[in-house]
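Below, each chain spelled out in residue letters.
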Amino acid sequence: MEIVALMVISLIFTTYLIEMMSKTEVKLVYVGTYKLGKNWFIRGEVAVLEFAIKYFSLNRKALEIELLNYDDYSLVMRLVRRRVRPALGGMEKVRVEIDTRELPIGLYLVQVHIGDKVYTSNTDPKYNYEKYPWIIAVMEPFEMENRSSSKFPLLKVPYGLGVNIHFVIPRKIDLDMMHLAGISIVRMDLFWSYVESSPKKYNLDGYIQLAQELLKRSIRPLFILDYGNPLYDNGLPPSSELGVRAFAEYAMYVVSRLDKEGNIIWEVWNEPNIEVFWKPKPNATQYAELLKATLEAIRSANPNAVVIAPATSGVDLEFIEKLLKIGALRGIDAISVHPYRDNIPETVLTDYKKLREILAKYGLNLPIVCSEWGYSTWSNGISMRRQAAYVVRMYITNLMEGIPITIIYDWKDDGPDINNAEHNFGLIADYESAGLRLIKPAYFAIYNTARILHDYVVKNYTIKDNVVIVEFVNEKNRKYVVWSFGGESEIALRVGWSKVKVTNLFGKTRIYEVMYGMLSLKVSEEPIFIERYNSG
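Below: a short report on this structure.

**Side note on the packing of aromatic side chains**
Logical step 1: Overall, the coordinates contain 28 aromatic pairs when judged by the stated rule.
Logical step 2: Summarising the aromatic geometry, the rings of Phe-223 and Trp-266 are spaced 5.8 Å apart at their centres and angled 45 degrees between planes, so their arrangement reads as tilted. Of this pair, Phe-223 sits in strand E12 (residues 220-226) while Trp-266 sits in strand E13 (residues 265-268); the two residues are 43 residues apart in sequence, bridging distant segments of the chain. As far as the burial class goes, Phe-223 and Trp-266 line up, both buried.
Logical step 3: With centroids separated by 5.4 Å and ring planes inclined at 15 degrees, the aromatic side chains of Tyr-227 and Phe-277 adopt a geometry described as stacked. Taken as a pair, Tyr-227 in the loop between E12 and helix H6 (241-258) and Phe-277 in the loop between E13 and helix H7 (284-301) lie far apart in primary sequence, 50 residues in all.

**Focus: the sheet that holds strand E19 (residues 467-473)**
Logical step 1: Judged by pairing direction, the sheet is antiparallel, and its six strands sit side by side in the order E18-E19-E20-E25-E22-E23 without closing on themselves. What marks the edges here is a single partner per strand, and that holds for strand E18 (457-464) and strand E23 (509-513). When strand polarity is set aside, the average angle formed by the axes of neighbouring strands in this sheet is 20 degrees.
Logical step 2: Note that strand E22 (residues 499-503) and E23 share five bridges and pair antiparallel. When the sheet's bridge partners are listed, Val-502 is paired in E23 with Arg-510.
Logical step 3: Running over the sheet, helix H12 (residues 441-453) touches E19, strand E20 (478-484), E22 and strand E25 (528-532) and is turned about 20 degrees from E25.

**Observations regarding the pattern of salt bridges**
Logical step 1: Under the definition given, this model contains 36 salt bridges.
Logical step 2: Where Glu-64 meets Arg-81, a salt bridge forms, and the shortest distance between an N and an O atom there is 3.1 Å. Separated by 17 residues along the polypeptide, Glu-64 in strand E4 (residues 61-69) and Arg-81 in strand E5 (residues 75-84) bring together distant segments of the chain.
Logical step 3: Here Glu-372 makes a salt bridge to Arg-187, at a shortest N to O gap of 2.7 Å. Remark: Arg-187 occurs in strand E11 (residues 185-191) and Glu-372 occurs in strand E16 (residues 368-373); sequence separation between them is 185 residues.
Logical step 4: Taking the relative accessible area as the measure of exposure, Glu-372 reaches 8% and is therefore buried.
Logical step 5: One continuous salt-bridge network, built from bridges that share partners, spans Lys-172, Asp-176, Glu-213, Lys-216 and Arg-217.

**A short note on the packing of H6 against H7**
Logical step 1: In contact at an axis separation of 8 Å, H6 and H7 are set at 30 degrees when each is read in the N-to-C sense. By the angle between their axes, H6 is roughly parallel relative to H7. Considering the relative orientation of H6 and H7, their crossing is right-handed. On H7, the residues touching Val-244, Phe-247, Ala-248, Ala-251, Met-252, Val-255 and Ser-256 of H6 are Glu-289, Leu-290, Ala-293, Thr-294, Ala-297, Ile-298, Ser-300 and Ala-301.
Logical step 2: In terms of residue class, the contact of H6 with H7 is built from 11 nonpolar, three polar and one charged.

**Describing unusual backbone geometry**
Logical step 1: Look at the link from Val-157 to Pro-158: it is a cis peptide, with omega at -5 degrees.
Logical step 2: Within the fold, Pro-158 resides in the loop between strand E9 (135-139) and strand E10 (161-164).
Logical step 3: Cis geometry marks the peptide bond from Ala-309 to Pro-310, where omega comes out at 5 degrees.
Logical step 4: Along the chain, the position of Pro-310 falls in strand E14 (residues 306-313).
Logical step 5: Of note, Ser-218 is a non-glycine position whose phi angle comes to about 60 degrees, a positive value.
Logical step 6: Relative to the helices and strands, Ser-218 is located in the loop between helix H5 (207-216) and E12.
Logical step 7: For Ser-218, a relative accessible area of 40% puts it in the partly exposed group.
Logical step 8: At Tyr-227, a position not held by glycine, the phi torsion is positive, near 70 degrees.
Logical step 9: Accessibility expressed as a relative area gives 19% for Tyr-227, which makes it buried.

**A few points about the environment of Ser-240**
Logical step 1: Counting through the fold element by element, Ser-240 comes out in the loop between E12 and H6.
Logical step 2: The class of Ser-240 is partly exposed, set by a relative accessible area of 27%.
Logical step 3: Between the alpha carbons of Ser-240 and Leu-290 there is a distance of 9.8 Å; along the sequence they are 50 residues apart.
Logical step 4: Of note is the side chain of Ser-240, whose polar atom sits 2.8 Å from the side chain of Asp-233.
Logical step 5: Engagement of the side chain of Ser-240 in a polar contact is seen with the backbone nitrogen of Gly-243, the distance being 3.0 Å.

Cut-offs and rules
- Residues numbered from 1 in each chain as written.
- Predicted model: local features only at pLDDT ≥ 70, side-chain atom pairs only at ≥ 80, totals over all residues.
- Heavy atoms only, no water.
- Phe/Tyr/Trp six-rings, centres within 6.5 Å; stacked < 30°, edge-to-face > 60°.
- Helix = DSSP H or I, 4+ residues; strand = E, 2+ residues; numbered from the N terminus.
- Buried < 20%, exposed > 50% of the residue type's maximum accessible area, 1.4 Å probe, protein only.
- Pairing = 2+ DSSP bridges.
- Axes fitted to C-alpha atoms, helices over the stretch in contact; angles between N-to-C directions.
- Contact = heavy atoms within 4.5 Å.
- Salt bridge = Lys/Arg side-chain N within 4 Å of Asp/Glu carboxyl O.
- Parallel < 35°, antiparallel > 145°, perpendicular 65-115°, else oblique.
- Left-handed = near helix turned anticlockwise from the far one by under 90°.
- Nonpolar A, V, L, I, M, F, W, Y, C, P; charged D, E, K, R; others polar.
- Polar contact = N/O pair within 3.5 Å; in protein donor to acceptor, adjacent residues only side chain to side chain.

Treat this as a map of the structure, not an account of what it does.
As structure tokens, this is what we get:
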């Protein structure tokens with residue numbers, strides 16, 4: 001019996017040992033400079049990375065830490081190459097420094113090898129930011145021409161490109177990150193219940209400072225006049241004469257205080273066509289009455305104020321037509337929609353065509369504004385890499401259709417839960433949870449697009465065999481953006497140049513010789529940027 005017991009104990013211990021030896025934990029516990037935790041760097045800063053590695057091994061294991069191009073995962077440099085000591089579940093800290101002066105502008109993936117295992121993100125993640133790939137971005141600021149002061153932005157990149165935020169008190173580092181990426185508009189709720197917490201007593205603390213800080217960075221505010229107030233109509237959307245009048249007076253006050261120069265865009269309510277935001281159920285007639293009263297109040301405060309509506313969830317043609325039938329949309333400056341969808345961005349082209357047909361039916365030729373649209377990287381959503389491709393394609397598709405404003409939802413993840421779709425729309429991490437300013441690949445993709453195409457406009461485009469080719473021009477030059485939405489495709493593009501520079505979505509560049517002015521290459525769902533190469 002004793003022998004059997006010893007054999008059982010030995011088997012249990014061996015099983016445990018094998019299990020422990022196969023389990024290695026690797027976590028990136030810090031990335032940033034010595035002053036600020038972040039994974040994006042202005043070229044010339046020193047990037048510091050610290051890994052915590054826990055393993056169970058009786059043998060010395062090879063440890064390698066490498067930096068790869070995020071575009072194609074090719075090796076850029078080897079950061080660490082040594083052996084780690086034997087350990088019985090102990091924790092080892094490994095610190096790496098990268099001088100970003102040695103790297104071109106781009107997005108890079110950090111890869112850790114321990115023995116025969118490879119890691120590119122934290123093991124056993126609990127939160128969404130722990131699932132992010134270990135990326136670092138190397139960036140440089142770029143200068144743009146003076147931004148237009150016209151009613152709507154010019155169709156130049158990136159003047160109409162914006163993000164949605166959820167904070168009132170200005171956060172300097174957020175605003176600086178937006179400016180660095182080329183973000184030119186910020187959309188934010190201007191909550192009625194916050195401004196008027198007592199009848200006819202108004203408070204704009206935070207909003208005045210937010211508008212000032214945005215405009216200081218040449219970022220235009222887009223404020224949403226929205227949501228119920230417990231002082232009126234039991235907090236529901238205002239429908240009584242008193243409630244509608246009170247909402248209009250609040251609108252008049254904030255426009256008179258914030259928008260004397262006509263620099264702000266005003267949107268009346270958010271998604272009144274769905275029950276979430278218009279309880280007990282959507283009512284086009286009620287919304288029309290509110291819009292009419294609010295529009296009159298805004299015009300009395302500032303006749304030149306820019307007003308958009310109805311900010312529908314989706315391109316809700318039925319709801320919009322109800323408003324058109326009763327004349328509710330006459331007098332506004334643009335039709336705003338939120339064209340969310342579960343499929344590819346290019347399907348929005350059909351929606352815009354139908355919307356324009358309905359507007360023409362009622363004798364209106366208003367611009368269309370995309371005041372909210374994004375894709376979530378939650379557990380049942382899309383990958384972060386695809387999110388990056390989609391937000392760029394969203395923006396360029398809108399430019400192709402003459403849409404002057406594209407607001408990406410959302411600036412940052414609204415929480416750390418990977419299983420909550422609303423927590424994962426951001427271009428950057430929920431830093432309140434992560435404790436670090438971590439960008440997602442989509443942030444760099446937006447920056448890279450703005451950097452390469454700034455001050456260019458769409459001249460023309462073609463869509464054929466699931467391949468989109470967009471020609472951008474400025475006063476002197478032209479560039480192309482190309483992608484496929486039907487899998488990898490071969491293209492032949494007549495450029496008329498002998499050499500071209502092709503920049504991938506995440507910054508890697510290649511130089512191609514062109515035979516007889518015709519460029520042939522493969523394209524994927526990730527847009528690439530093509531321009532003439534001048535060796536000088």
